[in-house]
Amino acid sequence: MFAAEVAQGNLKRSSLNDFLEISREASSQLVANLNRAAELIQSFKQVATDRSYSNRRIFDLGDLTKQVAVSLRPGLGEKNLTLNVESQPNLTMNSYPGPYGQVLTNLFLNSVAHAFPDGNGGSVEIKVSASGNDDVEILFTDDGCGMSLGVRRKAFDPFFTTRRDQGAGLGLHVVYSIVSSCLGGRLNLDSEPGKGTKVQLTLPRVAPAALAAQ
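Within any chain, residue numbers begin from 1 and follow the written order of that chain's sequence. Owing to the predicted nature of the model, reporting of local features is limited to residues with pLDDT of at least 70; listing and counting of side-chain atom pairs is limited to 80 or more, with chain, interface and lining totals taken over all residues. Side-chain metrics in this entry use all non-hydrogen atoms of the structure; hydrogen atoms and water are not considered.

Caption draft 1: Focus on the overall build of the chain. The helix and strand inventory of the chain stands at seven helices and seven strands. When its helices and strands are written in sequence order, the chain yields α-α-β-α-β-β-α-β-β-α-α-β-β-α. The buried share among the 214 residues of the chain stands at 34%. Note on definitions: a residue-residue contact is assigned when non-hydrogen atoms from the two residues lie within 4.5 Å. A separation of at least 24 residues holds for 69% of the contacts in the chain among residues at least 6 apart in sequence. Shrake-Rupley sampling with a 1.4 Å probe provides the accessible areas, and residues are treated as covered by the protein chains on show and by no other component. By element, 52% of the accessible surface of the chain is carried by carbon and sulfur atoms, the whole surface being about 12400 Å². Numbering of helices and strands runs from the N terminus; a helix is a DSSP stretch of H or I covering at least four residues, while a strand is a stretch of E covering at least two. Between buried and exposed lies partly exposed: a residue is buried under 20% and exposed over 50% of the maximum accessible area for its type, with that area taken using a 1.4 Å probe on protein chains only.

Following this line, the structure appears as structure tokens:
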């Protein structure tokens, strides 16, 4: 319409102002979407690099947790799920960011697959904080359907799953193995039917020396 008015030589000031305003809004939306895309790509690259090499390095736990969360959020809107992260600042770690990211990813995928059946919506939260001077605590919680006592007792067994049609259940077994053997931490699972699930991870800020030498 703007081009037609220009071509016809009867462009009005109001049409010009409307065109400028629309162009300004469109440009702002474009820049915002490009920035979001850039953040996603950067997060994917960092997480992919860490997971490929499982390299030990010094990193900020809150920043890394948020990077992993960014890579997990796409598509949550379609499932009516939200993922929220709260982190205490300046939690420096000397550990393995790749395996840590894998732990969060497996916990998240387990919640999405099992905690919200029949398309039920809900939320997943990750809270990161210091635990004394030498450790950190990561609380991973969802407000989904929860687990029975029988399921909870077997949750970390290899190949155990309540959804056999979706494949073998290695997700939580891998989580337990990484936390205990690679990251040098410990894990606690708390869940009841209808009351959601909470996984508490306690990790040393400095990975065990024996692992550093490997």
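Caption draft 2: Layout of the side chain of T197. Its place among the elements puts T197 in strand β7 (residues 197-204). Classification of T197 as buried rests on a relative accessible area of 10%. For T197, the side chain forms a polar contact with the side chain of S191, separated by 2.8 Å. Residues within four places of T197 in sequence aside, it is in contact with F140, T141, D142, G146, M147, L189, D190 and S191. The term polar contact refers here to a pair of N or O atoms within 3.5 Å; inside protein, the definition further demands a hydrogen-donor-capable atom paired with an acceptor-capable atom, and it admits residues adjacent in sequence only when both atoms are side-chain atoms.

Caption draft 3: Local environment of the packing of helix α3 (residues 61-72) against helix α4 (residues 97-114). Note on method: axes are straight lines fitted to C-alpha atoms, helices fitted across the in-contact stretch only, with angles between N-to-C directions ranging 0 to 180 degrees. α4 packs onto α3 with a crossing angle of 45° between their chain directions and a minimal axis gap of 10 Å. Regarding the angle of α3 to α4, the classification is oblique. Here the hand of the crossing between α3 and α4 comes out right-handed. Counting all contacts with α3, which are made through L61, L64, T65, V68 and L72, the residues of α4 involved are P97, Y100, G101, L104, T105 and F108. Split into classes, the residues belonging to the contact of α3 with α4 amount to eight nonpolar, three polar and no charged. Angle categories: roughly parallel below 35 degrees, roughly antiparallel above 145, roughly perpendicular from 65 to 115, and oblique for all the rest. Here is the rule for handedness: rotate from the far helix to the near one, and if that takes an anticlockwise turn smaller than a right angle the crossing is left-handed, while a clockwise turn gives right-handed. Residues were grouped as follows: Ala, Val, Leu, Ile, Met, Phe, Trp, Tyr, Cys and Pro as nonpolar; Asp, Glu, Lys and Arg as charged; and all remaining residues, including Gly, as polar.

Caption draft 4: Summary view of the sheet that holds β7. Strand order in the open sheet formed by five strands is β2-β4-β5-β7-β6, and the pairing between neighbours is mixed. Among the strands making up the open sheet, the edge pair consists of β2 (81-87) and β6 (186-191). The mean inter-strand angle of the sheet, taken between neighbouring strand axes irrespective of direction, is 10°. Any two strands with at least two DSSP bridges between them are considered paired. The pairing of β2 with strand β4 (residues 122-131) spans seven bridges and is parallel. Along β4, the bridge assignment pairs T82 with S123. Of the strands in this sheet, β2, β4, β5 (135-142) and β7 are in contact with α4, which crosses β5 at around 20°.

Caption draft 5: Molecular detail of the side chain of R205. Note that R205 resides in the loop between β7 and α7 (209-212). For the buried residue R205, which engages in no salt bridge, the nearest side chain bearing the opposite charge is D134, 6.9 Å off. In this view, R205 contacts N90, L91, T92, M93, N94, A130, N133, D134, D135 and V136; residues no more than four positions away in its chain are not counted. Just so you know, the count uses Lys and Arg for positive and Asp and Glu for negative, and it drops His and the chain ends. A side-chain nitrogen of Lys or Arg and a carboxyl oxygen of Asp or Glu constitute a salt bridge if their distance falls within 4 Å.

Caption draft 6: Main features of the pattern of salt bridges. The tally for this structure, following the rule as stated, stands at two salt bridges. With a shortest N-O distance of 2.9 Å, E21 and R24 are connected by a salt bridge. Here R24 and E21 lie together in helix α2 (residues 13-53), a separation of three residues that amounts to about one turn. Given the relative accessible area of 35%, E21 is considered partly exposed. Since its relative accessible area comes to 49%, R24 is described here as partly exposed. The closest approach of N and O atoms between E192 and K195, which form a salt bridge, is 3.6 Å. Residue E192 is classed as partly exposed on the basis of its relative accessible area, which comes to 40%. Classification of K195 as exposed rests on a relative accessible area of 65%.

Caption draft 7: Here's a closer look at unusual backbone geometry. Within the chain, N80 stands out as a residue other than glycine whose phi angle is a positive 60°. With respect to the secondary-structure elements, N80 resides in the loop between α3 and β2. In the Ramachandran plot, N90 falls in the positive-phi region, its phi being about 60° despite a non-glycine side chain. Tracing the chain through its elements places N90 in the loop between β2 and β3 (92-95).

None of this, on its own, says anything about what the molecule does.
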